[in-house]
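# Structure at a glance
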Amino acid sequence: MIDYTKYRFEEETVLVKVLEEDFAFRTYYDIFDNEEGLKNVVNSLLANGVKLNHVIAPRLYEICNKVKEVLHFKEDIDFYITSSVNFNAYSINGFGYVPHMICFTSALVEKFTNEELTFVIGHEIGHLIFMHSQLNVVRFLLSNSESKKIPAQIINTFARWSKYAEISSDRMGFLAQPNLEIIGKVFFKFASGLSEEHLNFNIKEYMKQLEKIKDMPRNEFYSSHPNNLVRLKCLELFSKSELYSECQDTPMLLTDLQKEMYEVLNLLEYHPRNDDQKNAVEFLAAVGLYIAGSDKSIHSGEMEILYEYIARYTSQPEMYLRFKDFQEVIERKNTICEHYSQTKNDFKYYLCEQMAFLAIIDGRLDEHEKAVLFEIAERLHIEEDRIKHIILDVSRYIQPVGNKPKFQLDGNFFRDE
């Protein structure tokens, strides 16, 4: 037997716990009854694709079953092929209603070798092993809800988890096909859309591209899969670690593996790209926490809106919301306000509008919050009439929302009261 939890990417396990417990998504698992939808998928695949068996596709059928045996996966899987010019494969968890499904496109089967298909199949079985469909179903259904906007913190956590889930599944693919050269060809073909009939694959040349993707665009973070080069590098590190028993050389310790994995995966994150963005984040974090937490507590609604503000500049707002104590918040608030007081552009008015919105997000502006906003405006050299106008404009868009749960300031972040 294989201890699957041993090979699952540790950071993915952490994010699953956050999504299931902190955001309470586990409670939805038995609410979203997907039996009818799954049976419709089966009917669609039977009508528009080809279900594999030992008579119709003996080569593929043998590979599929061999990978199941290598990974000690005993649950039933039906394998299908559908017509497409694109290279693709995907898995669908049957949740006990129907057999699991793994589907390949015709182009993938035609252009990939048996060895390459072995990795692809192992990867897709990895998704089934770790039951990634559970969270994906919840995410899909909630993201299509028109009744409520999903907070930026949940969106970011899901985006990061979906990439880490691919890392975990890649490890299952590696156990089925522990050859980095072959796996590199898989990623190379997915990236280029071409087979070796048209391009010569060289893993060293291909990996050189990794150094050139350090400034990835913001939308790359929200793609469902991590960059192929990042995935390949993560597997290379995994293959050298003590997690992989077949490692021939002195294995990399788990602590070193975690450190190097973090450095590689950090390429998938986005952060402030210039001084203007860095200053904006510093203002939002320091001044925002000063306004929201000057009474030593912060409403969850205030925390959500502050996170959302900072998420416009970085995929990791939590990094910029860490302060040693409230005194550090005050000191950094004073410094960044001094910076903006010297600027001649109008951006500080925009930032002040966001702070006013933050102060009134609970549907009311008390005297304490009003005084704090006037203090910030004075530090920014914003005239009194202007800040009054800003507060009035923002107040028109705020509706009372009642009492919200609070968080207490505690060390580096906030804890439940």
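Because the structure is predicted, anything quoted here is derived from the model rather than measured.

Thresholds applied
Residues numbered from 1 in each chain as written. Predicted model: local features only at pLDDT ≥ 70, side-chain atom pairs only at ≥ 80, totals over all residues. Heavy atoms only, no water. Helix = DSSP H or I, 4+ residues; strand = E, 2+ residues; numbered from the N terminus. Buried < 20%, exposed > 50% of the residue type's maximum accessible area, 1.4 Å probe, protein only. Contact = heavy atoms within 4.5 Å. Areas by Shrake-Rupley, 256 points an atom, 1.4 Å probe, with all protein chains shown as cover. Pairing = 2+ DSSP bridges. Axes fitted to C-alpha atoms, helices over the stretch in contact; angles between N-to-C directions. Parallel < 35°, antiparallel > 145°, perpendicular 65-115°, else oblique. Left-handed = near helix turned anticlockwise from the far one by under 90°. pLDDT = per-residue confidence, 0-100. Phe/Tyr/Trp six-rings, centres within 6.5 Å; stacked < 30°, edge-to-face > 60°. Nonpolar A, V, L, I, M, F, W, Y, C, P; charged D, E, K, R; others polar. Expected span 1.5 Å × (residues − 1). Polar contact = N/O pair within 3.5 Å; in protein donor to acceptor, adjacent residues only side chain to side chain. Patch = residues over 30% accessible without salt bridge, like charges linked within 9 Å, V, L, I, M, F, W, Y side chains within 5 Å. Salt bridge = Lys/Arg side-chain N within 4 Å of Asp/Glu carboxyl O. Lys, Arg positive; Asp, Glu negative; His and termini not counted. Charge placed at Lys NZ, Arg CZ, Asp CG, Glu CD. Core = buried A, V, L, I, M, F, W, Y, C linked by side-chain atoms within 4.5 Å.

When you go through the protein residue by residue, the secondary structure sums to 19 helices and seven strands. Within the span of the protein, comprising 417 residues, buried residues form 47% of the whole. Contacts in the protein between residues at least 24 apart in sequence constitute 74% of all its contacts with a sequence separation of at least 6. For the protein, the exposed area adds up to about 21,700 Å²; of that, 49% sits on carbon and sulfur atoms.

Pairing between sheet strands relies on hydrogen bonds along the backbone, with the strands arranged either parallel or antiparallel. Within the open sheet, the four strands sit side by side as 1-2-4-3. Their pairing is mixed. Looking at which strands have only one partner, the edges of the open sheet turn out to be strand 1 (49-51) and strand 3 (89-92). On average, adjacent strands in this sheet sit at an angle of 25 degrees to one another, irrespective of strand direction. Note that strand 1 and strand 2 (residues 77-82) share three bridges and pair antiparallel. Among the inter-strand pairings, Val50 is bridged to a residue of strand 2, identified as Ile81.

This brings us to the packing of helix 2 (residues 10-22) against helix 8 (residues 152-176). As a packed pair, helix 2 and helix 8 sit with axes 9 Å apart at the nearest point and diverge in direction by 140 degrees. Comparing the axis directions of helix 2 and helix 8 gives the class oblique. For helix 2 against helix 8, the interelement crossing comes out left-handed. Taking contact as the criterion, the partners of Glu11, Glu12, Leu15, Val16, Val18 and Leu19 in helix 2 are, on helix 8, Thr157, Phe158, Arg160, Trp161, Tyr164, Ala165 and Ser168.

Averaged over all residues, the pLDDT of the protein equals 87, while 89% of them reach at least 70. The least confident element of the protein is strand 7 (residues 413-416), whose mean pLDDT is 37; the most confident is helix 6 (residues 114-129), at 97.

So, on to the pairing of strand 4 (residues 100-105). Burial of strand 4 is extensive: six of the six residues sit out of reach of the surface. Burial along strand 4 is two-sided: the face carrying His100, Ile102 and Phe104 and the face carrying Met101, Cys103 and Thr105 are both buried. As paired strands, strand 2 and strand 4 are joined by six bridges and run parallel to one another. The residue bridging Tyr80 from the neighbouring strand is Cys103, located in strand 4.

Before going further, it helps to spend a moment on the packing of aromatic side chains. Here the structure, examined in full by the defined rule, presents 16 aromatic pairs. Note on Phe79 and Phe104: the rings are 6.3 Å apart at their centroids and 0 degrees apart in plane angle, and the pair reads as stacked. Of this pair, Phe79 sits in strand 2 while Phe104 sits in strand 4, and the two are 25 residues apart along the sequence. Assessed through its relative accessible area of 3%, Phe79 is described here as buried. Residue class for Phe104 comes out buried when judged on its relative accessible area of 0%. Ring centres 6.4 Å apart and planes at 40 degrees place the aromatic pair Tyr340 and Phe347 in the tilted group.

A few words on the packing of helix 11 (residues 228-239) against helix 12 (residues 254-265). Axes are the key here: two packed helices are described by the angle between their axes and the distance separating the axes. Remark: helix 11 packs on helix 12, axes separated minimally by 10 Å, with the N-to-C direction vectors making an angle of 175 degrees. In terms of their interaxial angle, helix 11 and helix 12 are classed as roughly antiparallel. Here Val230, Lys233, Cys234, Leu237 and Phe238 of helix 11 come into contact with helix 12, specifically with Leu257, Glu260, Met261, Val264 and Leu265. Taken together, the residues of the contact of helix 11 with helix 12 break down into eight nonpolar, no polar and two charged.

A few words now on the pairing of strand 3. Along strand 3, the buried face is formed by Ala89 and Ser91; none of Tyr90 and Ile92, which line the opposite face, is buried. One ladder, built from four bridges, connects strand 3 with strand 4; its direction is antiparallel. Each bridged residue has a counterpart across the sheet, and for Ala89 the counterpart in strand 4 is Phe104.

Before going further, it helps to examine helix 16 (residues 326-341). Taking 1.5 Å per residue as the helical rise, helix 16 with its 16 residues ought to reach 22 Å, and the 22 Å between its terminal C-alpha atoms agrees with that figure. Residues of helix 16 that are buried include every one of Phe326, Glu328, Val329, Lys333, Ile336, Cys337, Tyr340 and Ser341, and no others. Between the side-chain oxygen at the start of helix 16 and the backbone nitrogen of Gln327 there is a gap of 3.2 Å, and the oxygen is on Asp325.

Right, let's get into a negative patch on the surface. Taken together, the side chains of Glu242, Asp256, Glu260 and Glu263 make up a negatively charged region of the molecular surface. Relative to the helices and strands, Asp256 is located in helix 12.

With that settled, consider the nonpolar core. Core analysis: the biggest nonpolar cluster contains 72 residues, and Phe104, Ile125 and Leu265 have the highest contact counts within it. A per-element tally of this core places helix 8 first, with ten residues. Ranked by size, the runner-up nonpolar core spans 43 residues in total, among them Leu284, Ile310, Ile336 and Val394.

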